[in-house]
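Examining the three-dimensional arrangement
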Amino acid sequence: MTGNNRKIGVGVVGYGVIGRRVASAVEQQADMSLTGVADIAADWRIARLAQQDVDLYSASPTATSNYGDAGVKVVGTLENLAEESDVIVDCTPKGIGAENAELYRRVGCPFIIQGGERHEVAGHSFVAETSYEGAVGREATRVVSCNTMSIVRTLGALKRVGLLKRARGTLMRRATDPWESHLGGIMNTLVPEPIVPSHQGPDARLVDPDLDVVTMAVKVPETLAHLHSWYVDLTRPASREEILEAFASSTRILLINGRSGLSALNSVKEAMAMHGRPNSDLYEVALWSNILSVEGTELCYNYMVDNQAIVIPETIDAIRALSSAESERAVSMALTEQSLGIGELNLAQ
């Protein structure tokens, strides 16, 4: 909480895949309140927010007209939302957040942008376990993309126990978000990313410059999640048990056992639904313990990344850091994880 135990007022800009999850997560935090949501659309999602008595703000003059035509009441502009919030979380498409950053700075409201924006827009890239302290009291940070997030989490776990030397990964990227499958995507083909190595490795080094990491990526015809395959050179020979213990030490890595039936992306998503996760969301990196192998200093493993959910806990932690409400990484992470049910699942058996 901010001074005098007042809750952190959070404004969310963009109510799409990430924005609606951020707004919901904010409302689950005892030390935060949702100031309101700004968007440009007047579709069924915004109509539902209006029915929930969430204050709606117009993200542009065009949006004001759209809302009026749809009979949706707005209480102000994007600038008003920034003025009334302690922190803004900008969840707009790539490029829009960079444009909005000028307004947030002019108003003096700390803000969070998404991983699709350039690091330079905020001057800081955020993964809670690695760069929380550097975000405390800053005017802005960038919560890195889903794939970069997973890389920093997993390699960070190995690095913290002194096992990481270098890492090489191949990413199989989902074609589009599930809810937009009817609008586009690929079928009956695989598409290699046109730049080799892919951008995720350099992006991870913006969070941790010491990482020796190279990535390649392929777009695949499915929409559920991403799949990563990694080869890691270790600093010394290690046992399989030692590696699994290192991964298990991170609360944001979930070890799963494919022999139990959790052998593919769809079955893991179904497990999240059965365990009561909203939207079947997987906030953790789901790493298969049964197909992890280590021989001497060579380690191979695979994991799943839920592109719609993995950045949500990090965004909540970033809010606390920017607002200076909590200076200790471990404290913020524990609060976030308790509210979202992270750490309650045991799927490694």
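Everything quoted here is computed from the prediction, not taken from an experiment. (Residues numbered from 1 in each chain as written. Predicted model: local features only at pLDDT ≥ 70, side-chain atom pairs only at ≥ 80, totals over all residues. Heavy atoms only, no water.)

1. Description of the pairing of strand E8 (residues 140-143)
Judged by which residues are buried, E8 turns out to be covered on both faces: Ala 140 and Arg 142 on one side and Thr 141 and Val 143 on the other are all buried. As judged from the 3 bridges shared by strand E6 (residues 111-113) and E8, these two strands associate in the parallel manner. Within E8, the position partnered with Ile 112 by the bridge is Thr 141. In terms of strand pairing, strand E7 (residues 125-126) meets E8 through 2 bridges, oriented parallel. The partner of Phe 126 across the bridge, within E8, is Val 143. Each parallel crossover has a hand, and the one from E7 via helix H7 (residues 128-135) to E8 is right-handed. (Buried < 20%, exposed > 50% of the residue type's maximum accessible area, 1.4 Å probe, protein only. Helix = DSSP H or I, 4+ residues; strand = E, 2+ residues; numbered from the N terminus. Pairing = 2+ DSSP bridges. Right-handed = clockwise from strand over helix to strand, strands pointing away.)

2. Looking at the nonpolar core
The biggest cluster of nonpolar side chains holds 76 residues, and the ones touching the most others in it are Leu 155, Leu 158, Phe 247, Tyr 301 and Ile 319. Among residues more than four places away in sequence, those in contact with Leu 155 are Leu 164, Ala 167, Leu 211, Val 213, Trp 230, Val 232 and Tyr 301. (Core = buried A, V, L, I, M, F, W, Y, C linked by side-chain atoms within 4.5 Å. Contact = heavy atoms within 4.5 Å.)

3. Overview of the packing of aromatic side chains
Under the defined criterion, the tally for this structure stands at 4 aromatic pairs. Ring centres 6.2 Å apart and planes at 20 degrees place the aromatic pair Tyr 301 and Tyr 303 in the stacked group. The exposure classification of Tyr 301 matches that of Tyr 303, with both residues buried. A network of ring pairs unites the aromatic residues Phe 247, Tyr 301 and Tyr 303 as a single cluster. (Phe/Tyr/Trp six-rings, centres within 6.5 Å; stacked < 30°, edge-to-face > 60°.)

4. Here's the deal with the packing of helix H8 (residues 146-160) against helix H10 (residues 240-248)
Where H8 contacts H10, the two axes come as close as 8 Å, and the packing angle between them is 120 degrees. Between H8 and H10, the angle is such that the two are oblique. H8 and H10 meet at a crossing whose hand is right-handed. Judged by residue contacts, Thr 154, Ala 157 and Leu 158 of H8 engage Ile 243, Ala 246 and Phe 247 from H10. In the contact of H8 with H10, the residues fall into 5 nonpolar, 1 polar and no charged. (Axes fitted to C-alpha atoms, helices over the stretch in contact; angles between N-to-C directions. Parallel < 35°, antiparallel > 145°, perpendicular 65-115°, else oblique. Left-handed = near helix turned anticlockwise from the far one by under 90°. Nonpolar A, V, L, I, M, F, W, Y, C, P; charged D, E, K, R; others polar.)

5. Quick look at the side chain of Glu 117
Along the chain, Glu 117 turns up in the loop between E6 and helix H6 (119-122). A distance of 3.5 Å separates a polar side-chain atom of Glu 117 from the backbone nitrogen of Ala 98. When near neighbours in sequence (up to four residues on either side) are disregarded, Glu 117 contacts Pro 93, Lys 94, Gly 95, Ile 96, Gly 97, Ala 98 and Arg 142. (Polar contact = N/O pair within 3.5 Å; in protein donor to acceptor, adjacent residues only side chain to side chain.)

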